[in-house]
Amino acid sequence: MLRIAVPNKGSLSGPAAEMLHEAGYQQRRESKELRIVDPVNEVEFFYLRPRDIAIYVASGQLDIGITGRDLLIDSGADAEEILPLGFARSTFRYAAKPGTITGPADLTGMTVATSYEGIVAAHLAEHGIDASVVHLDGAVETAIQLGVAQVIADVVETGTSLRNAGLEVVGEPIMQSEAVVIRRTGTDGEDPKVQQFLRRLQGVLVARTYVMMDYDCRVEQLEKAVALTPGLESPTVSPLHNEGWVAVRAMVPSKEAQRIMDDLYDIGARAILTTAIHACRL
Ligand SMILES: Nc1ncnc2c1ncn2[C@@H]1O[C@H](COP(=O)(O)OP(=O)(O)OP(=O)(O)O)[C@@H](O)[C@H]1O
Ligand SMILES: O=P(O)(O)OC[C@H]1O[C@H](OP(=O)(O)OP(=O)(O)O)[C@H](O)[C@@H]1O
Ligand SMILES: [Mg+2]
């Protein structure tokens, strides 16, 4: 049975459960459940604090886990990323009151408040900056107002929390994060159960980012049309009852669907339709 760590709380937990559900796995019915078994898929899910997941996976007791890239790196645990999942995207940045510092070099002698001490200590050391780090559990934006630190290093998504606290970002992002699947460093990448799990999640990612496009076009326009909709392998082309016309079917990125429909129309394609993909195995 595959043993998988899943976030039990926070920004990662809802979207992770949703993705697992879409991939056909049973999920817990109420948020107090700490472990469930999905006998049909031969998987056991452990609902753990996102910050602890890399530690459990590195211990070898659990096969894989879903956590944030920033949490994985911050933990320093012996675990590695094997699949990015595209949700809980954020940057990790320094911030301070406007006009107090211009870049990380100015941090020398200052105190930085953060919940991600591992990332910050490594970043300061890498840049040879001698600053102190104070660990806080959350709501670190308030640390400056209350005089605990002059600078913070925190997760930034929309920037609303920084704006509300009257702070602005300093320097370039320290890292880009998103939810990721992790495993213990150096474990067997060929494990068929892990591979099947990853294929299912990849299927969800594809189903979320592609739509199926169908249209009719004249044979003379086929090469131009196919260049607009190359599909994953190659589009399906079927004859129509009307001579000189074909029907074409291909997967296209959903974000580009409207532009592709315009371009197809302009070269004479008609009856252009898109339909959602519910599940997929590439
Ligand atoms: N506003 C946000 N937007 C996107 N990702 C976020 C956001 N806040 C936190 N994350 C991501 O969530 C993960 C942290 O999860 P964690 O549950 O520890 O904190 P949280 O989401 O802030 O929840 P809580 O503060 O309730 O514990 C990190 O990978 C982080 O990058
Ligand atoms: O740029 P934004 O869109 O505002 O998002 C970033 C904020 O979201 C998270 O906070 P959360 O609400 O989880 O509180 P916390 O600081 O207690 O973790 C994070 O720690 C930032 O404070
Ligand atoms: Mg938080």
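Residues numbered from 1 in each chain as written. Chains lettered and ligands numbered in written order. Predicted model: local features only at pLDDT ≥ 70, side-chain atom pairs only at ≥ 80, totals over all residues. Heavy atoms only, no water.

- For the protein, the name recorded in an unreviewed UniProt entry is ATP phosphoribosyltransferase, with Streptomyces erythrogriseus as its organism.
- Looking at the Subcellular location (unreviewed entry) heading of the UniProt record, one finds this comment for the protein: "Cytoplasm".
- Quoted straight from UniProt, the Sequence similarities (unreviewed entry) entry for the protein says "Belongs to the ATP phosphoribosyltransferase family. Long subfamily." (UniProt positions renumbered as here; feature names shortened; annotations may be inferred.)

A word on the confidence of the model for the protein
Alright, step 1. When the pLDDT values of the protein are averaged, the result is 96; 100% of them are 70 or greater.
Alright, step 2. At the level of chain-chain contacts, confidence expressed as ipTM amounts to 0.96, with global pTM at 0.93. (pLDDT = per-residue confidence, 0-100.)

Notes on the site of ligand 1
Alright, step 1. In the vicinity of ligand 1 lie 14 residues, with Gly-10, Ser-11, Pro-50, Asp-70 and Ser-90 positioned nearest.
Alright, step 2. Here an oxygen atom of ligand 1 and a side-chain polar atom of Ser-90 are 3.0 Å apart.
Alright, step 3. Taken by itself ligand 1 offers 590 Å² of open surface, and the protein chains cover 65% of this.
Alright, step 4. Of all elements in the fold, only α1 (10-22) and α3 (69-75) reach the threshold of two or more residues within the shell around ligand 1.
Alright, step 5. At three residues, the largest contribution of residues to the shell around ligand 1 is made by α1.
Alright, step 6. In terms of residue class, the shell around ligand 1 is made up of six nonpolar, four polar and four charged.
Alright, step 7. Domain assignment of the residues forming the shell around ligand 1 places at least three in each of domain 1 (2-87 + 178-187) and domain 2 (90-177). (Near = heavy atom within 4 Å. Polar contact = N/O pair within 3.5 Å; in protein donor to acceptor, adjacent residues only side chain to side chain. Areas by Shrake-Rupley, 256 points an atom, 1.4 Å probe, with all protein chains shown as cover. Helix = DSSP H or I, 4+ residues; strand = E, 2+ residues; numbered from the N terminus. Nonpolar A, V, L, I, M, F, W, Y, C, P; charged D, E, K, R; others polar. Domains from an automatic or database assignment.)

What to know about the packing of α1 against helix α7 (residues 192-209)
Alright, step 1. Where α1 meets α7, the closest approach of the two axes is 9 Å, and the angle between their N-to-C directions is 100°. One finds that α1 runs roughly perpendicular with respect to α7. Contacts from Glu-18, Met-19, Leu-20 and Glu-22 of α1 reach α7 at Phe-197, Leu-201, Val-204, Leu-205 and Arg-208.
Alright, step 2. When its residues are assigned to classes, the contact of α1 with α7 shows six nonpolar, no polar and three charged. (Axes fitted to C-alpha atoms, helices over the stretch in contact; angles between N-to-C directions. Parallel < 35°, antiparallel > 145°, perpendicular 65-115°, else oblique. Contact = heavy atoms within 4.5 Å.)

Let's talk about the UniProt feature "domain: Histidine biosynthesis HisG C-terminal" (unreviewed entry) in the protein
Alright, step 1. Under the UniProt annotation, the feature "domain: Histidine biosynthesis HisG C-terminal" (unreviewed entry) is placed at residues 207-278.
Alright, step 2. For the annotated span residues 207-278, helix accounts for 28% and strand for 40% of the residues, and the straight-line distance between the end C-alpha atoms is 6 Å.

Description of the packing of aromatic side chains
Alright, step 1. Applying the stated rule across the entire model yields three aromatic pairs.
Alright, step 2. Aromatic side chains Tyr-25 and Phe-45 sit 5.8 Å apart centroid to centroid with 80° between the ring planes, which places their arrangement in the edge-to-face category. With Tyr-25 in the loop between α1 and β2 (35-38) and Phe-45 in strand β3 (residues 43-48), this residue pair connects regions lying 20 residues apart in the sequence.
Alright, step 3. Since its relative accessible area comes to 3%, Tyr-25 is described here as buried.
Alright, step 4. Three or more aromatic residues joined by ring pairs form one cluster here, namely Tyr-25, Phe-45 and Phe-197.
Alright, step 5. For Arg-200, the ring lying beneath its charged end belongs to Tyr-25, and the centroid distance is 4.7 Å.
Alright, step 6. One residue, Arg-270, lies across the ring of Tyr-265, its end atom 3.7 Å from the ring centre. (Phe/Tyr/Trp six-rings, centres within 6.5 Å; stacked < 30°, edge-to-face > 60°. Buried < 20%, exposed > 50% of the residue type's maximum accessible area, 1.4 Å probe, protein only. Lys NZ or Arg CZ within 6 Å of the ring centre and 35° of its normal.)

Thoughts on the nonpolar core
Alright, step 1. Ranked by internal contacts, the top residues of the largest apolar core, which has 44 residues, are Phe-45, Leu-85, Tyr-94, Val-181, Phe-197 and Leu-201.
Alright, step 2. Mapped onto the domain boundaries, this core takes at least three residues apiece from domain 1 (2-87 + 178-187) and domain 2 (90-177).
Alright, step 3. Setting aside residues up to four positions removed in sequence, Leu-201 forms contacts with Met-19, Leu-20, Ala-23, Leu-83, Leu-85 and Val-181.
Alright, step 4. Within the second largest apolar cluster, 16 residues are counted, among which are Met-213, Leu-222, Val-226 and Ile-272. (Core = buried A, V, L, I, M, F, W, Y, C linked by side-chain atoms within 4.5 Å.)

A closer look at the UniProt feature "domain: ATP phosphoribosyltransferase catalytic" (unreviewed entry) in the protein
Alright, step 1. Within this structure's numbering, the places UniProt gives as "domain: ATP phosphoribosyltransferase catalytic" (unreviewed entry) are residues 49-203.
Alright, step 2. The span residues 49-203 carries 31% helix and 31% strand; its end-to-end C-alpha distance comes to 26 Å.

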